[in-house]
Amino acid sequence: MAAGGGDPAASPMKTPSWAVRIRGADGEIAGAGILLSPDQVLTCAHVVDRAAARLTAEFVGATDHSVPAVPARVDGTAYVPETRDADGDPSGDVALLRLERPRPVEETVRLHRLSAPGREVRMYGFPYAHNGGIWFRSTVVGGCGRDGQVQLSPVSPGELASPGCSGAGVADSRTGEVIGMVLSGQLDQHGNRFSFMSPAETIARHLPGLKPHIVGPTAVDERLLPTDDGPSPDLLDEPFAQRLAAWLRDDGSQVKISVVGPGDAARAATLRRAITLADRELRTAVSIDRASLDPPGTVPSAGGHDLAVDASGVTAAEIAERIADRMGLWQHPEDPPLDRIRASRSTLNLVVVGVDEAIDPLPLLDLLEVLRAGGSRLLLVFRTAGDCHRLARDRLLTRPARERRARLVERLRDLTGPLAEDLHERLASVVPHGLRPFDSDLVAAHAALADLLRADDADGERDRAGGPARDRDLDPDQPPVRVRGADRDSDRDGHWDPGPGRDDRDRAPDHDPHQPPGRVRYADRDPDLDWDLDRVRYLEPGRDRDLDRDRRADRGHDQDPGRAPVRGAGAVPDLGRYERLADRVASRLAAGVAELDRLRDRRDELAGRLRGYHVLHQHSLQGEEDPAVDDLYLRAHALLRARPCDVRAAEAAVDAYTRRVDEHGGGDAR
């Protein structure tokens, strides 16, 4: 049996006993289902709609090797049809059926909560020509839409979920646990193939009555949930909420560090709100609707985190066990959880609150370093900006960023050095017909390299002076607080209540007549905690629409798209954008070198052809002269020897010469 009870999908060589084939009143297969209890089957609402008034559940994996058929009906109100919001994002599409006769309990399965990123999964459905059922393999791509659905990519084009697969159970290949239900498959206009599933947590939110049939720890520690005696849910630190939502929507930052002091009720409430809204199971129906009254940019994506833990009073080993359990790494319980995590290729988006209040913060930082190195994303919240906070900044932000920057510097040096030399060598050899000039790409790469080297020099000077490192993924220490529903005129006037627990740095902001209404600025902020606001804007060649929008907003005018990335004085380089620049330049240079090599090969081929025809022509003349043909030869010969060689013109000249030779009976040397 699986860890959660019931029959696991551990072996792809067998038909799972929990797999249900659903037929409609016309006898046609309407879809699939999952046997969760002896008399309850989970399926899609659209399968119920397709089956019309009469449903029949057929158990193709019955333990007695028969295929029992049992009439079924919708179980009361356990039916949530698919709806779409203003953006077309789907929601719901789940239903629970009640069987007229129960099935053996050993044929059932429970849904299991597991973190999903990158998992290999299988689903058992009933597509056309496979009425007995067939396994489909997929890989989890990531969450999509506001409902918490998950996108799957089929291992091969033929394994796209098709009609007859809707409602099928999705089993994790490593653990055999059923972690969700297939919703649909899609082939878009570009030929991309995707399937979609509703994970266990999303199903639990739509059908709360199913929670007894869903096992595995929830994604959020109970101590992080809002409580009646906790901070008022109406408190909202809007800038902090926007930064949290951005990270939970994957803004490109792998590690983010924030400080939420013990007396900061607004930031504490904002943090709890973000953690709750990013959880598929806890997310409210109101937050799914685009017409939500929440301030813009403050609602995170469903499934934005895979696990949120409170480290206060807990050991690093206990947190590691919690992470390993959420990842599904329970196959070798005799191994320490840290070893299992290190050996695993699994990743997750992890939120840890109260890192500096753990029983053993240093071993916890060791664990977090292992997760970061393995590709997991980390949102770390400290209670104070003390020694543990500074050590975490150094180990998880500063050092990795410098190592990453060093790798990027070496790559840019290669692009502007050996690869650029290869390109120039070929450009001196042949005319680059059909190729866009490479000057802007190389200039951008040189400028990026110079900017990164300046950052290295600045870091060196800062290290020698003993100053703190600049980390762009740190939050401002004390952003302005906004209470939802409060009079916004107070913001316009620059007056606001700092709330309890603020120190002298939290004085009222100065009024700036050049700022839009409702915005405030600080007369004094801690510069070491102010790097998340100063995001670097890059001017990459017009392929990044978000960047272009940022540039217009920040600069107020357009700039030459061929220029290199630019950053403000004192800002920390956004390595992700420099890496994308390097990828683009490397791709263009490599493609250019390949095309120029093709032209050089064609030039050499034409030269060989010209020599062959010339020899044949000389033999055919038997000592006589043919000035007209000789002129054609000399022109083709000159064009082929020119540097750079215009291959198109040379090809035309060679063709003219060979045609003339053929007309005079000189033969064909091709």
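Rules of the game
- The numbers attached to residues start from 1 for each chain and follow its sequence in the written order.
- Owing to the predicted nature of the model, reporting of local features is limited to residues with pLDDT of at least 70; listing and counting of side-chain atom pairs is limited to 80 or more, with chain, interface and lining totals taken over all residues.
- For side-chain calculations, the full set of non-hydrogen atoms in the structure is used, while hydrogens and water are omitted.
- The pairing criterion for strands is at least two bridges between them, as found by DSSP.
- Strands here are runs of E lasting at least two residues and helices are runs of H or I lasting at least four, both read from the DSSP assignment and numbered beginning at the N terminus.
- Between the N-to-C directions of two axes lies an angle of 0 to 180 degrees, each axis being a line fitted to C-alpha atoms and, for a helix, fitted only over the stretch in contact.
- Angle categories are assigned with fixed cut-offs, so that under 35 degrees is roughly parallel, over 145 is roughly antiparallel, 65 to 115 is roughly perpendicular, and the rest are oblique.
- Crossing handedness is defined as follows: a turn of the near helix away from the far one that is anticlockwise and smaller than a right angle gives a left-handed crossing, while the clockwise case is right-handed.
- When residue character is reported, Ala, Val, Leu, Ile, Met, Phe, Trp, Tyr, Cys and Pro are called nonpolar, Asp, Glu, Lys and Arg charged, and the others, Gly included, polar.
- To estimate the expected span of a helix, count its residues, drop one, and scale the result by 1.5 Å.
- Type-normalised accessible area, obtained with a 1.4 Å probe on protein chains alone, sets the label of each residue: buried when under 20%, exposed when over 50%, and partly exposed for intermediate values.
- By definition, residues are in contact when any of their heavy atoms lie within 4.5 Å.
- Stacked, edge-to-face and tilted are the three classes for Phe, Tyr and Trp ring pairs, Trp counted by its six-membered ring, which pair at centre distances within 6.5 Å; planes under 30 degrees apart are stacked, over 60 edge-to-face, the rest tilted.
- Cation placement over rings: the criterion is NZ of Lys or CZ of Arg within 6 Å of the ring centroid and within 35° of the ring normal.

Novice: Tell me what's going on with the sheet that holds strand β4 (residues 55–59), and back it up with residues and numbers.
Specialist: Ordered in space as β1-β2-β3-β8-β5-β4, the six strands form a closed barrel in which the pairing is antiparallel. Sheet twist, expressed as the mean angle between neighbouring strand axes with direction ignored, is 40 degrees. Note: strand β2 (residues 29–37) against strand β3 (residues 40–43), three bridges, orientation antiparallel. When the bridges of β3 are listed, Ile34 appears paired with Leu42.

Novice: Lay out the packing of helix α9 (residues 387–427) against helix α13 (residues 575–621) with the relevant residues and their values.
Specialist: Interhelical geometry of α9 versus α13 gives an angle of 20 degrees and a closest axis separation of 10 Å. Here α13 runs roughly parallel to α9, going by the angle between their axes. The crossing of α9 and α13 is left-handed. Tallied by class, the residues present in the contact of α9 with α13 amount to 15 nonpolar, two polar and nine charged.

Novice: Which residues make up helix α10 (residues 439–465), and what are the values?
Specialist: Taking 1.5 Å of rise per residue, the 27 residues of α10 would be expected to cover 39 Å, and the 39 Å separating its terminal C-alpha atoms lies within 8% of that figure. All of the buried residues in α10 are Asp441, Leu442, Ala444, Ala445, Ala448, Leu449, Asp451, Leu452, Ala455, Asp459 and Gly460. One or two residues past the end of α10 sits Gly466, with phi positive at roughly 80 degrees.

Novice: Could you give an account of the sheet that holds strand β19 (residues 307–310), naming the residues involved and the relevant values?
Specialist: If you trace the four strands from one edge of the open sheet to the other, you get β18-β21-β20-β19, paired in parallel fashion. On the outer flanks of this sheet lie β18 (255–259) and β19, each paired with one strand and no other. Strand-to-strand twist across the sheet, computed as the mean angle between neighbouring axes with direction ignored, equals 10 degrees. Summarising the sheet, β19 and strand β20 (residues 349–353) pair through four bridges and their orientation is parallel. Note on β20: the bridge partner recorded for Ala308 is Val351. Strands β19 and β20 of the sheet are contacted by helix α6 (residues 316–327), whose axis makes an angle of about 165 degrees with β19. Most of the contacts of α9 go to β18, to which it runs at about 165 degrees, and overall it touches β18 and β21 (377–382).

Novice: Could you give an account of the packing of aromatic side chains, with specific residues and numbers?
Specialist: Going through the model one piece at a time under the given rule, you end up with three aromatic pairs. Judged by centre distance (5.8 Å) and plane angle (85 degrees), the ring pair of Tyr124 and Phe126 falls under edge-to-face. Take Tyr124 and Phe126: they sit in the same class, and that class is buried. Residues Tyr633 and Tyr657 carry aromatic rings whose centres are separated by 5.6 Å and whose planes lie at 55 degrees to one another, so their mutual orientation is tilted. Placement of the pair is Tyr633 in helix α14 (residues 627–641) and Tyr657 in helix α15 (residues 647–663), with a sequence separation of 24 residues. A relative accessible area of 0% places Tyr657 in the buried class. Aromatic ring contacts, followed pair by pair, group Tyr124, Phe126 and Trp135 into a single cluster. In this structure, Arg103 is placed above the aromatic ring of Phe59, and the distance from its NZ or CZ to the ring centre is 5.0 Å. In this structure, Arg377 packs its charged tip against the face of Trp247, placed 4.1 Å from the ring centre.

The values are spatial; any link to function lies outside them.
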